[in-house]
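Next come the chains, spelled out residue by residue.
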Amino acid sequence: MAKFNDNVKLPLTAVERAQIIEVYGESAEELVFSKPNRLKSIKHILRNRVEVKLITDENLKKPCPKLSEMAESVGLDYSQEGDFNPKDFNPLKYGLNFYSRTAAMYHVDNTNYYIIIKSQYQ
């Protein structure tokens with residue numbers, strides 16, 4: 001069973017609302033905002049489970065899927081995304097695996113940034 005932090009009870013921030021609308025568009029109300037459990041799950045992802053980490057030590061880098069590969073898997077043209085900015089990163093856009101039993105890691109192409117998705121069961 002997934003474990004939720006207490007912070008998922010707090011209302012959406014303007015940034016989180018914008019991230020959801022960016023991905024779901026006109027369907028955001030029907031698919032997310034009107035579904036309390038889905039909204040809680042997405043808040044948990046955005047607030048607690050996604051970490052953007054700068055790793056410059058070559059010994060700590062691990063082979064993992066590239067963010068561009070994940071983007072392409074959902075039809076997103078990664079080449080149009082521009083320079084990566086961790087503060088503007090919307091993890092909902094990229095087809096990342098949020099529902100694995102284990103953590104996942106993705107490499108942001110041509111950078112030292114990695115996206116770490118923590119398991120929902122930890």
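See above for the structure.
Here is a short report on the structure shown in this document. (Residues numbered from 1 in each chain as written. Predicted model: local features only at pLDDT ≥ 70, side-chain atom pairs only at ≥ 80, totals over all residues. Heavy atoms only, no water.)

Going through the model one piece at a time under the given rule, you end up with five aromatic pairs. Relative to Tyr113, the ring of Phe84 lies with its centre 5.2 Å away and its plane at 50°, an arrangement referred to as tilted. You can see Phe84 sitting in the loop between α4 (67-73) and β2 (104-107) and its partner Tyr113 sitting in strand β3 (residues 113-117), a full 29 residues away along the chain. Note on Phe98 and Tyr99: the rings are 6.4 Å apart at their centroids and 80° apart in plane angle, and the pair reads as edge-to-face. Taken together, the ring pairs connect Tyr78, Phe84, Phe89, Tyr94 and Tyr113 into an aromatic cluster. Between the NZ or CZ atom of Arg17 and the centre of the ring of Phe33, over which it lies, the distance is 4.4 Å. The residue whose ring lies beneath Lys40 is Phe4, and the NZ or CZ to ring-centre distance is 4.6 Å. (Phe/Tyr/Trp six-rings, centres within 6.5 Å; stacked < 30°, edge-to-face > 60°. Helix = DSSP H or I, 4+ residues; strand = E, 2+ residues; numbered from the N terminus. Lys NZ or Arg CZ within 6 Å of the ring centre and 35° of its normal.)

Our next topic: the pairing of β2. Here β2 pairs with β3 via four bridges, running antiparallel. Looking across to β3, one finds that Met105 is bridged to Ile116. If you look at the hairpin formed by β2 and β3, you'll find five residues sitting between the two strands, and Asn110 has a positive phi there, around 55°. (Pairing = 2+ DSSP bridges.)

The end-to-end C-alpha distance of helix α3 (residues 36-49) is 18 Å, a good match for the 20 Å that 14 residues give at a rise of 1.5 Å each. Residues Leu39, Ser41, Ile42, Lys43, His44, Ile45, Leu46, Arg47, Asn48 and Arg49 constitute the buried set of α3. Close packing links the buried residues of α3 with α1 (14-24), α2 (28-33), β1 (50-54) and β3. (Expected span 1.5 Å × (residues − 1). Buried < 20%, exposed > 50% of the residue type's maximum accessible area, 1.4 Å probe, protein only. Contact = heavy atoms within 4.5 Å.)

Another point: unusual backbone geometry. Not every positive phi belongs to a glycine, and Asn110 is a case in point at roughly 55°. Judged by relative accessible area, Asn110 falls into the exposed class, the value being 80%.

Working note: a packed helix pair is described by the angle between its axes plus the distance between those axes. Running from N to C, α1 and α3 cross one another at 110°; their axes reach a closest spacing of 11 Å. With respect to their mutual orientation, α1 and α3 come out roughly perpendicular. For the pair α1 and α3, the sense of crossing is right-handed. Across the interface between the two elements, Glu16, Gln19, Ile20 and Tyr24 of α1 pack against Arg38, Leu39, Ile42, Leu46 and Arg47 of α3. (Axes fitted to C-alpha atoms, helices over the stretch in contact; angles between N-to-C directions. Parallel < 35°, antiparallel > 145°, perpendicular 65-115°, else oblique. Left-handed = near helix turned anticlockwise from the far one by under 90°.)

For the rest of this paragraph, the subject is the sheet that holds β3. Taken in spatial order, the three strands line up as β1-β3-β2 in an open sheet, and their pairing is antiparallel. Among the strands making up the open sheet, the edge pair consists of β1 and β2. Averaged over all adjacent pairs, the angle separating strand axes in this sheet is 25°, with direction ignored. Relative to β3, β1 runs antiparallel, the two sharing five bridges. Residue pairing across strands places Val50 opposite Ile117, the latter belonging to β3.

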